[in-house]
Amino acid sequence: MEKIKPFYVLDVPVYPYTMDGAVNFLNSQVKNKKQTFVVTANAEIIMMCQKDAEYKKIVCQNADLVLADGAGTVWAGRKLGHNVPERVAGCDLFVELAKLSAKKGYKVFFFGAAPGIAEAARDKLLLVAPGLKVAGCRNGYFTEAENEEIIAEINASGADMLFAALGAPKQENWLARFRSELNPQVLMGVGGSFDVLAGKMDRAPLWMQKASLEWLFRLYKQPSRIGRMMVLPQFVIKVLQSK
């Protein structure tokens, strides 16, 4: 399946897939044994790219598929005159890829979060994706010396998809650094998705997600995020200036 063309938000390429389109494309990549490094880019990640040249290189050059995760990215694309069909949230894409894997027999590996969280996320996913083959789980607490051991464990598991819940930018940095040594066909950072599925982190009600207010819910639940949230008005200003 040929990849669609991206649009650009502050020099970051974003591919305007629907959720179904992204899942179908990644299914095709797995079937054709083409490794695909996926980044789900919200406004915060795009702003990280403006401040961190190395991270920008990873997102803009190393990643194969950058998706519009976040109301801000969708708004920016549309404001700049592009046809952006919908938001493709990383947590939702993770669940949809788990369902696809259960249907197709693909194996998945969960890497990241606190001890026991990946296993709890696995158990929850098995309820919505019966038959899912979870080839392995590994928490996100590790030292530099353990990297090769982790890579060997992932590769030995025979996983087709690797989901890394290390948080941005750490997860993208790690995946880009070791991409050439990793065997899974899909490499994707999923942020706090394990915590959400494990019930350790609440997700905004559906009406807030549809109203593009998920950021407000996160701020309400975690007031300490106020500093991080300050990038949102900066993002809006930069997008408007780029027109």
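Rules used throughout
Residues numbered from 1 in each chain as written. Predicted model: local features only at pLDDT ≥ 70, side-chain atom pairs only at ≥ 80, totals over all residues. Heavy atoms only, no water. Helix = DSSP H or I, 4+ residues; strand = E, 2+ residues; numbered from the N terminus. Buried < 20%, exposed > 50% of the residue type's maximum accessible area, 1.4 Å probe, protein only. Pairing = 2+ DSSP bridges. Axes fitted to C-alpha atoms, helices over the stretch in contact; angles between N-to-C directions. Contact = heavy atoms within 4.5 Å.

Engineer: Before we move on, can you summarise the environment of Asn24 with the specific residues and values?
Structural biologist: Note that Asn24 resides in helix α1 (residues 19–31). Its relative accessible area of 41% is what places Asn24 among the partly exposed residues.

Engineer: Lay out the environment of Cys91 in plain terms, naming residues and giving numbers.
Structural biologist: Tracing the sequence through the fold places Cys91 in helix α5 (residues 90–104). On the accessibility criterion, Cys91 (14% relative accessible area) is buried. With 105 residues separating them in the primary sequence, Cys91 and Val196 have C-alpha atoms 8.3 Å apart.

Engineer: Would you mind going over the sheet that holds strand β3 (residues 36–41) in detail, with residue names and values included?
Structural biologist: In any sheet, the strands associate via hydrogen bonds between backbone groups, in a parallel or an antiparallel arrangement. Taken in spatial order, the six strands of this open sheet run β4-β3-β8-β7-β5-β6, and their pairing is parallel. Every other strand in the sheet has two partners, leaving β4 (65–68) and β6 (133–138) as the edge strands with one partner each. The sheet shows a mean angle of 20 degrees between the axes of neighbouring strands, direction not considered. Pairing of β3 with strand β8 (residues 186–189), which is carried by three bridges, proceeds in the parallel orientation. Along β8, the bridge assignment pairs Phe37 with Leu187. Contacts between helix α6 (residues 117–128) and the sheet are confined to β5 (107–112) and β6, with β5 contributing the most and set at about 145 degrees to the helix.

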